[in-house]
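Take a look at the letters that make up each chain.
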Amino acid sequence: MTVTSRENWIFGAQIVSAIGILAIAIVTFINQSNKEFRDEVRNELTGLRTDMRSEFASIRSEIHDLNTRLGRIEGYLRVSGSE
């Protein structure tokens, strides 16, 4: 092997190493960005679930009140109908 050939191999190895390090840096950056995005989406979904739970609790309470009123009306109709 000549000196020029050896220098070319060394330079090629340096290029391959630099590309590998760059690829690792890009993958790490993308993974971190994805993690931040997933955390943001997770927080938004948690907030929506909390809001929905409170809305469903309110709706359940209203339905319970309506059923109670309907029961009273049905009872009143039975009592006034039997007279």
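Described in the following lines is the structure provided in the data block. (Residues numbered from 1 in each chain as written. Predicted model: local features only at pLDDT ≥ 70, side-chain atom pairs only at ≥ 80, totals over all residues. Heavy atoms only, no water.)

Assigned secondary structure in the protein consists of one helix and zero strands. Judged by the C-alpha coordinates and their principal axes, the protein covers about 120 × 15 × 5 Å. Counting every position in the protein, which comprises 83 residues, the buried fraction comes to 0%. Surface accessibility of the protein: about 7,800 Å² in total, with carbon and sulfur atoms responsible for 63%. (Helix = DSSP H or I, 4+ residues; strand = E, 2+ residues; numbered from the N terminus. Buried < 20%, exposed > 50% of the residue type's maximum accessible area, 1.4 Å probe, protein only. Areas by Shrake-Rupley, 256 points an atom, 1.4 Å probe, with all protein chains shown as cover.)

Moving on, we come to the pattern of salt bridges. Summed over all chains, the structure comprises two salt bridges. Measuring nitrogen to oxygen at the nearest pair gives 3.0 Å for the salt bridge that ties Arg-42 to Asp-39. Of this pair, Arg-42 and Asp-39 both sit in helix H1 (residues 3–82), three residues apart, roughly one helical turn. The exposure class of Arg-42 is partly exposed, given its relative accessible area of 49%. A relative accessible area of 26% places Asp-39 in the partly exposed class. Beyond isolated ion pairs, a larger network of salt bridges with shared partners links Lys-35, Asp-39 and Arg-42. (Salt bridge = Lys/Arg side-chain N within 4 Å of Asp/Glu carboxyl O.)

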